[in-house]
Amino acid sequence: MEKIDLPHGTVSYRAAGPEDAASPPVVFVHGFLVDGSLWSGVADLLAAKGVRSYAPQWPLGAHRVPVPGADQSPRGVARQILAFLEALDLTDVTLVGNDTGGALCQYAVDTDASRIGRLVLTNCDAFDTFPPFPFNVIFQLLKGPRRLRFNLQPMKLRAFRHSPLGFGLLAREFDPAQSRAWIEPALTDAAVRSDAARFLQAVDPRELNDVATRLAAFRGPVRLVWGTADRAFKPALGRRLAEAFGGAEFVEVPGARTFVPLDAPQALADQIAGIATSSKEQA
């Protein structure tokens, strides 16, 4: 893992693929209580295609370097994403988001899209679905460092962690070591819990709904790669989001749930590489 110091704090990230890649760089944005390892399979497949990618650990509860004092609102985390692009001088970026990270990508293009060339969103929050049922109920139980620590205790058990009350609705199967690593920082580090709780406390579906009214202003190509077996972010939400972008391309991934990067890494890698190639040809 590499590290970079940004105005809000230190960010760890994994870079994959050739440094001199001819294709535009890819930057991944994961969701709440997971980390950049969500994208490892996709990043390796992109690297084999000659695509350079970056998978940062955003401060959403599974990060290992706390960011005390940082603006942990969704808009604030979006600015952290933009600061990462600026610090590495990444331009014409293919920004890829999943779950909560998809909402953060929407905030990012609404804030400053100057370094973002195109957008790929998998199943994610949109409009006032932020978060969807049943996670809107679960997140209410996590709003506060003490409540977060207490209510995460059952997640130590693999059976609970992979159940519908944990990560179970989000993918067909999980690596137990990976899912345990996702929750470990919030279980063991009070500063990480504080970062995560501040983010949850700042989530406001009305704000994301307002962002949706301006998504059509983004001029780059947009592709939604949507798992059709998702019971949280259903395909109808994805199609509505595609319309909000002014007619974005909507690609169905049969059998995949929320975590398309885990359920269908090859399909997602192909779509990410494809949109970059097609947009360059059109230019």
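Presented here is an overview of the structure given in this document. (Residues numbered from 1 in each chain as written. Predicted model: local features only at pLDDT ≥ 70, side-chain atom pairs only at ≥ 80, totals over all residues. Heavy atoms only, no water.)

1. Things to note about the nonpolar core
Then, in step 1: Formed by 93 residues in total, the largest nonpolar core has its most connected members in Phe28, Phe84, Leu95 and Leu241.
Then, in step 2: Filtering out sequence-adjacent residues up to four positions away, Leu95 remains in contact with Val27, Val29, Ile81, Cys105, Ala108, Ile116, Arg118, Leu119 and Val120. (Core = buried A, V, L, I, M, F, W, Y, C linked by side-chain atoms within 4.5 Å. Buried < 20%, exposed > 50% of the residue type's maximum accessible area, 1.4 Å probe, protein only. Contact = heavy atoms within 4.5 Å.)

2. Points about the packing of aromatic side chains
Working definition: an aromatic ring pair is given by the centre-to-centre distance plus the angle between the planes.
Then, in step 1: Overall, the coordinates contain 12 aromatic pairs when judged by the stated rule.
Then, in step 2: Centroid distance Phe28 to Trp39: 4.6 Å. Interplanar angle 15°. Geometry classified as stacked. Placement of Phe28 in strand 3 (residues 26-29) and of Trp39 in the loop between strand 3 and helix 1 (40-48) is noted, with a sequence separation of 11 residues between them.
Then, in step 3: Seen from their ring centres, Phe167 and Phe174 are 6.0 Å apart, and the 40° between their planes marks the pair as tilted. Residue Phe167 shares its accessibility class with Phe174, and that shared class is buried.
Then, in step 4: Three or more aromatic residues joined by ring pairs make a cluster, and in this case those are Tyr13, Tyr54, Trp58 and Phe84.
Then, in step 5: Seen from the ring of Phe127, Arg240 lies directly overhead, with NZ or CZ sitting 3.7 Å from the centre. (Phe/Tyr/Trp six-rings, centres within 6.5 Å; stacked < 30°, edge-to-face > 60°. Helix = DSSP H or I, 4+ residues; strand = E, 2+ residues; numbered from the N terminus. Lys NZ or Arg CZ within 6 Å of the ring centre and 35° of its normal.)

3. Some points on the packing of helix 7 (residues 176-188) against helix 8 (residues 190-202)
Then, in step 1: Their axes nearest at 5 Å, the elements helix 7 and helix 8 cross at an angle of 105°. By the criterion of interaxial angle, the relationship of helix 7 to helix 8 is roughly perpendicular. Mapping the contact onto sequence places Pro185, Ala186, Leu187 and Thr188 in helix 7 and Ala190, Val192 and Arg193 in helix 8.
Then, in step 2: For the contact of helix 7 with helix 8, the class distribution of residues is 5 nonpolar, 1 polar and 1 charged. (Axes fitted to C-alpha atoms, helices over the stretch in contact; angles between N-to-C directions. Parallel < 35°, antiparallel > 145°, perpendicular 65-115°, else oblique. Nonpolar A, V, L, I, M, F, W, Y, C, P; charged D, E, K, R; others polar.)

4. Looking at the pattern of salt bridges
Then, in step 1: Counting across every chain of the model gives 14 salt bridges.
Then, in step 2: A salt bridge links Arg115 to Asp89; its shortest N-O distance comes to 3.2 Å. Taken together, the residues Arg115 in the loop between helix 3 (100-111) and strand 6 (116-124) and Asp89 in the loop between helix 2 (74-87) and strand 5 (93-99) connect sequence positions 26 residues apart.
Then, in step 3: Residue classification places Arg115 among the partly exposed residues on the basis of a relative accessible area of 22%.
Then, in step 4: The salt bridge partner of Glu249 is Arg223, with a shortest N-O separation of 3.0 Å. Taken as a pair, Glu249 in strand 8 (residues 249-253) and Arg223 in strand 7 (residues 222-227) lie far apart in primary sequence, 26 residues in all.
Then, in step 5: A relative accessible area of 40% places Glu249 in the partly exposed class.
Then, in step 6: Through salt bridges with shared partners, a single network forms among Arg75, Asp110, Asp210 and Arg214. (Salt bridge = Lys/Arg side-chain N within 4 Å of Asp/Glu carboxyl O.)

5. Section: the pairing of strand 6
Then, in step 1: Of all 9 residues in strand 6, 9 are buried, a share of seventy percent or more.
Then, in step 2: The pairing of strand 5 with strand 6 spans 6 bridges and is parallel. Note that in strand 6 the partner of Val96 across the bridge is Val120.
Then, in step 3: Between strand 5 and its parallel partner strand 6, the chain crosses via helix 3, and the hand of that crossover is right-handed. (Pairing = 2+ DSSP bridges. Right-handed = clockwise from strand over helix to strand, strands pointing away.)

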